Amino acid sequence: MTLFSVEGKTVVVTGGSRGIGRMIAAGFVEAGATVVISARKTAEVEKTAAELGCSAVQADLSTREGVDTLVSAVGGPLHVLVNNAGATWGAPLEEYPEHAFDKLWDINVKGVFYLTQKFLPHLREAAGADDPARVINVGSIDGIRVPALESYAYSSTKAAVHMLTRHLARQLAKEHITVNAIAPGPFESKMMAFALDDPATRAAIASNVPLGRIGRPDDMAGAAIFLASRAGAYLTGTVIPVDGGISC
């Protein structure tokens, strides 16, 4: 086994039908892992799974029923759980609705917590001192610094994901389960489509990235594979910005 190998590991990626979740799932499939992706929309998740060569589970992870559905569909040890499913909401301060906070809290924070909680028996089954089980939470650089857009609930929930990551890392280290977070900058996704689909806006965003470009699928897959491999076995409680230097 090489330092960065994840071959033979079982990996669950939530929100895996598109965007960052798809990038991460594709990377694990190409690296030889057995991958299960989940998403709310049946047609989308099944289409992506067929394209990538992995398994699909339809589940709304903002609900306890959806969490139970996904956990029940995955039998045996789980080596890597990637909590990527999330939502965003933008609106001016005076118009920002209360239900936006409720919706985003349910999926971005509660969903991460309760799915991790429910998967603990599977993670414990895979965990070992030399090769811990891994939980990788997808946060955001908007949870590290205040974004230009008025996405109050989104950035607040992503900051909560970063702190939740540290809480879980401290609690689960003694069980040989590591918990880390990736904080992406601008990547191709439905959340960013409103900006990146416009050439002028895309160029403006890229010009504000110190490395001068939008993130690519390999950038995201590489960070997740690093955290899931032997190379990342001694990291826990970290929040790694994958943002081209924006958070520097």
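Rules used in this analysis
Residues numbered from 1 in each chain as written. Predicted model: local features only at pLDDT ≥ 70, side-chain atom pairs only at ≥ 80, totals over all residues. Heavy atoms only, no water. Helix = DSSP H or I, 4+ residues; strand = E, 2+ residues; numbered from the N terminus. Expected span 1.5 Å × (residues − 1). Bend = angle between axes of the 7 residues up to and from the residue. Buried < 20%, exposed > 50% of the residue type's maximum accessible area, 1.4 Å probe, protein only. Contact = heavy atoms within 4.5 Å. Salt bridge = Lys/Arg side-chain N within 4 Å of Asp/Glu carboxyl O. Pairing = 2+ DSSP bridges. Axes fitted to C-alpha atoms, helices over the stretch in contact; angles between N-to-C directions.

If you look the chain up in an unreviewed UniProt entry, it shows as SDR family oxidoreductase from Nonomuraea spiralis.

Quick look at helix α4 (residues 98-126) now. Compared with an ideal rise of 1.5 Å per residue, which puts 29 residues at 42 Å, α4 spans 40 Å between its outermost C-alpha atoms and is within 8% of the ideal. The largest bend along α4 measures about 55° and falls at Leu120, with the proline Pro121 one to four residues further on.

Counting through the fold element by element, Ser151 comes out in the loop between β5 (133-138) and α5 (152-172). Take Ser151: its relative accessible area is 8%, and that puts it in the buried class. In this structure Ser151 touches Trp89 and Tyr96, once residues within four positions along its chain are discounted.

With that settled, consider the environment of Thr10. Secondary-structure assignment places Thr10 in strand β1 (residues 10-14). Note on Thr10: relative accessible area 17%, which makes it buried. Once the C-alpha coordinates of Thr10 and Val80 are considered, the two residues, 70 residues apart in sequence, prove to be 6.4 Å apart.

It is worth spelling out the pattern of salt bridges at this point. Pairing is possible between side chains that carry opposite charge, provided their charged atoms lie close to one another. Under the counting rule described, the total for this entry stands at 10 salt bridges. Note that Lys110 is salt-bridged to Asp106, the shortest N-O span being 3.5 Å. Remark: Asp106 and Lys110 occur in helix α4; sequence separation between them is four residues, near one turn of the helix. Residue classification places Asp106 among the partly exposed positions, given a relative accessible area of 26%. One salt bridge connects Arg134 with Asp131, and the closest N-O pair in it is separated by 2.8 Å. Classification of Arg134 as buried rests on a relative accessible area of 1%. Through salt bridges with shared partners, a single ionic network connects Lys9, Asp131 and Arg134.

Okay, unusual backbone geometry next. A negative phi angle is the norm for most residues apart from glycine, just as the trans form is the norm for most peptide bonds. One non-glycine residue with positive phi stands out, namely His176, at about 60°. By the element assignment, His176 lies in the loop between α5 and β6 (177-184). Take His176: its relative accessible area is 35%, and that puts it in the partly exposed class.

The subject of this paragraph is the sheet that holds β6. The parallel open sheet is built from seven strands, whose spatial order is β3-β2-β1-β4-β5-β6-β7. Edge strands, defined here as strands with exactly one partner in the open sheet, are β3 (55-58) and β7 (239-242). On average, each strand axis in the sheet is tilted by 20° relative to the strand beside it, whichever way the strands run. In this sheet, strand β2 (residues 34-39) lies alongside β1 in parallel orientation, the contact comprising five bridges.

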